[in-house]
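Coordinates in review
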Amino acid sequence: MNSAIFLYITALLCLLSLGFTAQAQDYYVELDISSGYNNNVFFESDDTVINQETDDSTKQDIQNQISLMGSYEFFDGQDSDAKIMVDYFKESLVDNSLETTVSSVSIPYSYFINDYRLRGTATLMNYNLDGVHVLDYQTGRFDVTRKMADKQLGMQLSVTNKVPQDTSYDSYDGTNQNIKIHYTFNGLASMFKLDGNVFENDYILEEDGNQGYYLKAIYSRHFLSTGMRLAAKYKKTNYNQGLLDDEVRNDDQFTLSYSQDYYFTKILQFYLSSEYIKNNSSIETQDENYNYSQWTNTLGARFSF
């Protein structure tokens, strides 16, 4: 276990121990364990690190995931509050013998004035592949949200600095900028949310950069001891690099997902989820599969404290 992972797990254990000696609303710990079938584990993605496919790899696989998250409110003022949040995520593939871990620490500070919430968040995150520390993310984010009875309207600005820690990931050296507008409506037992996001990835090598936008709609509803969530997303990405006779690559990506939760107790929750992704690209080559689809089905259990 590398030192970064050890520090994150230690921080989580400290948060949990603090929680047992603090008021219930001061802390939150969540453990999520899941397993699922993925029919295309090596699909091309330009906003996350790509796990490189090898000659002896298999396209379909079983993915096992564990996620551990903890938060502790260390400051609670009259008009503001601050927390520390620690996340640890690990994914392993059964047949491909590939392991990915992502660890992060965030400190959000919120200030409330009338119907507005102003929040600034600083985040440090590292990405490890098969035990090798390959990439760091340093993010600054600012949110403004207005609450209007059962509605919320907000805007989020964020900048992420990506710092490669391994030479094989030098192409990720650069920054990501995001502007998001979100609208939420809460009913008696339901919620509807609409997100609009404009993004740009600038890298040291200009031809590796891209920009675009996405629209996402989420609907969720609760029924006694169960709940459902349906989400649809459309993403448009324009790439700087011309790959085929200087033709510029443009991608249209569609995502549809559904999840069902079952609240067994106040602490234990079971869930199942299914997600389908379809990517249509203007570039068609035999070397790179830019036109692809992916279907993932997952069963899991979530423990909340």
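Residues numbered from 1 in each chain as written. Predicted model: local features only at pLDDT ≥ 70, side-chain atom pairs only at ≥ 80, totals over all residues. Heavy atoms only, no water.

1. Let's talk about the overall build of the protein chain
- Tallying secondary structure elements over the protein chain gives one helix and 14 strands in all.
- In the protein chain, which comprises 305 residues, the share counted as buried stands at 39%.
- In the protein chain, of all internal contacts separated by at least 6 residues, the share reaching a separation of at least 24 is 53%.
- Carbon together with sulfur atoms contributes 57% to the accessible area of the protein chain, which is approximately 17,200 Å² in total. (Helix = DSSP H or I, 4+ residues; strand = E, 2+ residues; numbered from the N terminus. Buried < 20%, exposed > 50% of the residue type's maximum accessible area, 1.4 Å probe, protein only. Contact = heavy atoms within 4.5 Å. Areas by Shrake-Rupley, 256 points an atom, 1.4 Å probe, with all protein chains shown as cover.)

2. So, the environment of Gly70
- Structurally, Gly70 can be placed in strand 2 (residues 61-76).
- Sequence spacing of Gly70 and Met85 is 15 residues, and the spatial spacing of their C-alpha atoms is 5.7 Å.

3. Regarding the pairing of strand 6 (residues 132-148)
- Of the strand pairs in this sheet, strand 5 (residues 116-129) and strand 6 are connected by 14 bridges, and their pairing is antiparallel. Among the inter-strand pairings, Tyr127 is bridged to a residue of strand 6, identified as Leu135.
- Counting the residues that bridge the hairpin from strand 5 to strand 6 gives two residues, and of these Asp130 lies at a positive phi of roughly 50 degrees.
- As defined by bridge partners, strand 6 adjoins strand 7 (residues 151-164) across 14 bridges and the pair is classed as antiparallel. Its bridge partner being in strand 7, Phe142 is matched across the sheet by Leu157.
- Joining the antiparallel neighbours strand 6 and strand 7 is a turn of two residues, in which Ala149 adopts a positive phi near 55 degrees. (Pairing = 2+ DSSP bridges.)

4. Here we look at the pattern of salt bridges
- This model, assessed by the stated rule, comprises seven salt bridges.
- Two residues, Glu30 and Arg302, come together in a salt bridge whose shortest N-O distance is 3.8 Å. With Glu30 in strand 1 (residues 27-38) and Arg302 in strand 14 (residues 292-304), this residue pair connects regions lying 272 residues apart in the sequence.
- The buried category is assigned to Arg302, whose relative accessible area is 17%.
- Across the pair Lys236 and Asp252 runs a salt bridge whose closest N-O atoms are separated by 3.4 Å. You can see Lys236 sitting in strand 11 (residues 226-244) and its partner Asp252 sitting in strand 12 (residues 247-263), a full 16 residues away along the chain.
- Several salt bridges share partner residues, and in doing so they unite Glu30, Asp32 and Arg302 into one network. (Salt bridge = Lys/Arg side-chain N within 4 Å of Asp/Glu carboxyl O.)

From the geometry alone we can't say anything about function, so treat these as descriptive.
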